[in-house]
Amino acid sequence: MINFTFSGSVDSALTDERKNQLTQIHENLYNKTGKGSDFLGWLDWPSTVQPEFLERIEKTAASIRVKADVLVVIGIGGSYLGAKAVLSALSPYFEQGKKQTEVLFAGHQVSGEYLKQLLAYIEDKEVVVNVISKSGKTTEPALAFRFLKKFMEARYGEDAASRIIVTTDEEKGALLNLAKDNGYERFVVPDDVGGRYSVFTAVGLLPIAAAGFSIERLLAGAKDAEETYKGVDFEKNPAIRYAAVRHHLYTEGFTNEVSAIFEPKLSFVQEWWKQLFGESEGKEGKGIFPASVVFTTDLHSMGQYIQDGKRNLFETFLLVKEADEDMTVFEADEDGDELNYMAGITLQEFNHVAYRGTSEAHLSGGVPQLSLSIEKLDEFQLGHLLYFYMLTCAYSAYLLDINPFDQPGVEDYKNNIFKLLNKPGY
Ligand SMILES: O=P(O)(O)OC[C@H]1O[C@](O)(CO)[C@@H](O)[C@@H]1O
């Protein structure tokens, strides 16, 4: 269960009017009658996912682990951030290279330098590629795949096809055609699940399983969240309470939410969260702008703005109660660095003190304080957290009377790029 706290009164966010609104939203969500309800496949996905599908993912992941030193995952946005978030949160800081299969990403930006160095890095390694694009036509991953496909064909000849796995729409898209023409193994992104809600489908599960993490536990955590947060319990449901408080603050002029963490491994959960909330809510001239900081690092940079800058921010801490590993400050013979007063304190305890000190300071500076905590960083807790965020996001966007599941605004810049590049038809 996510523990949610707010420095103000949650009751003042849960007025009778807002409770009625949330009750209606809840009905629309679960009866699939709200805006964009064609894209609610993620809502009961954890409890309805088919065992045969999971077996297939596990089998493919096992074969990737046998034949590949490196799995290159090509994708952008929702086709990359879910797997990246989970892998970053669960992997040790310094041993990724020692894993049976290292997972690397491509196509999430367009850096010639990155791609060239990636190709050089995998030159003498055994490689499998998983290219992921729901639409099958996104430029960045398509470009990266053009280079990786050539690399794989030069390296493996006819066997290249057995080392390329495509995750895309079941019926349409250039990537699907490529997969069919070349006989690549295929996984489907369900029609009713948008990219940023797809972490529990093959999009996230295959790379996560290939890296050796338990997708069974990840889905068990998501299922636990699905079941726990199903009801409209205004006192107990943190997804509803968090959405109500965010909306209340938004109507009071706090239009920016800053996610703050003390465990840097969660920084890609923040990136995933930014896409989820930014693309879901930022429409029709409305929406809370999602931003993120990593503490205590950013207390020495962005901390100044948060404490003293324009007062349109609220801060939401994402906290992890237990650390797997920790260190205790020891008593030094000579107290040259003047730190002996901290002897006996663990670094996790230091961060907890830093959290309290920071939160009190920012509150007194006029920044409303929210917190979400999970017990520890493991597959179960992460599955639970990511599902919780998706549900909260749906409630939040509906409170703004916005369709949480489309992203019409991303087309404009794309059209401009295509025009500038003289793409046929633009
Ligand atoms: O999976 P696709 O279709 O390549 O899209 C990748 C990302 O691009 C977007 O469509 C935005 O351009 C996101 O919504 C999506 O997650």
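Residues numbered from 1 in each chain as written. Predicted model: local features only at pLDDT ≥ 70, side-chain atom pairs only at ≥ 80, totals over all residues. Heavy atoms only, no water.

- Taking an unreviewed UniProt entry as the reference, the chain is identified by name as Glucose-6-phosphate isomerase belonging to Planococcus lenghuensis.
- Heading Subcellular location (unreviewed entry) of the UniProt record for the chain holds this comment: "Cytoplasm".
- On record in UniProt, under Sequence similarities (unreviewed entry), the comment for the chain is "Belongs to the GPI family." (UniProt positions renumbered as here; feature names shortened; annotations may be inferred.)

1. So, the site of the ligand
Part 1 of the argument: In the vicinity of the ligand lie 13 residues, with Ser79, Ser133, Ser135, Thr138 and Lys414 positioned nearest.
Part 2 of the argument: Take Gly78: an N or O atom from its main chain is 2.8 Å from an oxygen atom of the ligand.
Part 3 of the argument: Lys414 has a polar side-chain atom sitting 2.7 Å from an oxygen atom of the ligand.
Part 4 of the argument: Computed on the free molecule, the ligand has an accessible area of 400 Å², of which 88% lies beneath the protein chains in the complex.
Part 5 of the argument: Grouping the constituent residues of the shell around the ligand by class yields two nonpolar, eight polar and three charged. (Near = heavy atom within 4 Å. Polar contact = N/O pair within 3.5 Å; in protein donor to acceptor, adjacent residues only side chain to side chain. Areas by Shrake-Rupley, 256 points an atom, 1.4 Å probe, with all protein chains shown as cover. Nonpolar A, V, L, I, M, F, W, Y, C, P; charged D, E, K, R; others polar.)

2. Description of helix H6 (residues 112-122)
Part 1 of the argument: What H6 keeps buried is the set Leu115, Leu118, Leu119 and Ile122. For H6, the angular spread of buried residues about the axis comes to 95 degrees, placing them on one side. Exposed positions of H6 whose direction lies more than 90 degrees from the buried face are Glu113, Lys116, Gln117 and Ala120.
Part 2 of the argument: Looking at the buried residues of H6, the elements they touch are strand S2 (70-74), strand S3 (102-106), strand S4 (127-133) and helix H7 (139-156). (Buried < 20%, exposed > 50% of the residue type's maximum accessible area, 1.4 Å probe, protein only. Helix = DSSP H or I, 4+ residues; strand = E, 2+ residues; numbered from the N terminus. Arc of directions from axis to C-beta. Contact = heavy atoms within 4.5 Å.)

3. Some thoughts on the sheet that holds strand S8 (residues 289-294)
Part 1 of the argument: Pairing is mixed in the open sheet, where five strands are placed in the order S1-S10-S9-S7-S8. In this open sheet, the two edge strands, each paired with only one partner strand, are strand S1 (3-6) and S8. For this sheet, the mean angle separating the axes of adjacent strands, direction not counted, is 20 degrees.
Part 2 of the argument: The pairing of strand S7 (residues 256-261) with strand S9 (residues 313-320) spans six bridges and is classified as parallel. When the bridges of S9 are listed, Asn256 appears paired with Leu313.
Part 3 of the argument: Contacting S1, S7, S9 and strand S10 (369-374), helix H11 (residues 238-251) crosses the sheet at an angle of about 25 degrees to S1.
Part 4 of the argument: Helix-sheet contacts for helix H15 (residues 379-399) involve S9 and S10, and the interaxial angle to S10 is about 140 degrees. (Pairing = 2+ DSSP bridges. Axes fitted to C-alpha atoms, helices over the stretch in contact; angles between N-to-C directions.)

4. Overview of the side chain of Thr392
Part 1 of the argument: Examined against the element boundaries, Thr392 turns out to sit in helix H15.
Part 2 of the argument: Its relative accessible area of 0% is what places Thr392 among the buried residues.
Part 3 of the argument: When residues no more than four places from it in sequence are discounted, the contact partners of Thr392 are Ala239, Tyr242, Ala243 and Phe277.

5. Some words on the environment of Asp233
Part 1 of the argument: Among the structural elements, Asp233 can be located in the loop between helix H10 (215-228) and H11.
Part 2 of the argument: Between the C-alpha atom of Asp233 and that of Glu17, which follows or precedes it by 216 residues, the distance is 15 Å.
Part 3 of the argument: Looking at Asp233, its side chain comes within polar contact range of the main-chain nitrogen of Glu235, at 3.0 Å.
Part 4 of the argument: At 3.1 Å, the side chain of Asp233 forms a polar contact with the backbone nitrogen of Lys236.

6. Overview of the side chain of Asn403
Part 1 of the argument: Of note, Asn403 is situated in the loop between H15 and helix H16 (411-420).
Part 2 of the argument: Within the local environment of Asn403, its side chain forms a polar contact with the backbone nitrogen of Phe405, the two atoms lying 2.8 Å apart.
Part 3 of the argument: Once residues lying within four places of it in the same chain are set aside, the contact partners of Asn403 are Lys35, Gly36, Ser280 and Lys283.

7. Quick notes on the pairing of strand S6 (residues 185-188)
Part 1 of the argument: Inspection of the sheet shows strand S5 (residues 164-168) paired to S6 by four bridges, in the parallel sense. From the neighbouring strand, Ile165 faces S6, where its bridge partner is Glu185.
Part 2 of the argument: Each parallel crossover has a hand, and the one from S5 via helix H8 (residues 174-182) to S6 is right-handed. (Right-handed = clockwise from strand over helix to strand, strands pointing away.)

8. Topic: the packing of helix H5 (residues 81-90) against helix H12 (residues 267-281)
Part 1 of the argument: Relative orientation of the contacting elements H5 and H12 amounts to 155 degrees, with a least axis distance of 8 Å. It follows that H5 is roughly antiparallel to H12 by the angle criterion. Crossing angle aside, the handedness with which H5 passes H12 is left-handed. Of the residues in H12, those in contact with Leu81, Gly82, Lys84, Ala85, Ser88 and Ala89 of H5 are Phe268, Val269, Glu271, Trp272 and Gln275.
Part 2 of the argument: Of the residues contributing to the contact of H5 with H12, the split by class is six nonpolar, three polar and two charged. (Parallel < 35°, antiparallel > 145°, perpendicular 65-115°, else oblique. Left-handed = near helix turned anticlockwise from the far one by under 90°.)

9. Digging into the packing of aromatic side chains
Part 1 of the argument: In the structure shown here, the tally under the stated rule is 22 aromatic pairs.
Part 2 of the argument: Relative to Tyr389, the ring of Phe277 lies with its centre 6.4 Å away and its plane at 85 degrees, an arrangement referred to as edge-to-face. Of this pair, Phe277 sits in helix H12 while Tyr389 sits in helix H15, placing them 112 residues apart in sequence.
Part 3 of the argument: Its relative accessible area of 0% is what places Phe277 among the buried residues.
Part 4 of the argument: Taken together, the aromatic side chains of Phe4, Tyr229, Tyr242, Trp272, Trp273, Phe277, Phe388 and Tyr389 make up a single cluster linked through ring pairs.
Part 5 of the argument: Lys125 extends its terminal NZ or CZ atom over the ring of Tyr121, reaching a point 3.8 Å from the ring centre.
Part 6 of the argument: For Arg246, the ring lying beneath its charged end belongs to Tyr242, and the centroid distance is 5.8 Å. (Phe/Tyr/Trp six-rings, centres within 6.5 Å; stacked < 30°, edge-to-face > 60°. Lys NZ or Arg CZ within 6 Å of the ring centre and 35° of its normal.)

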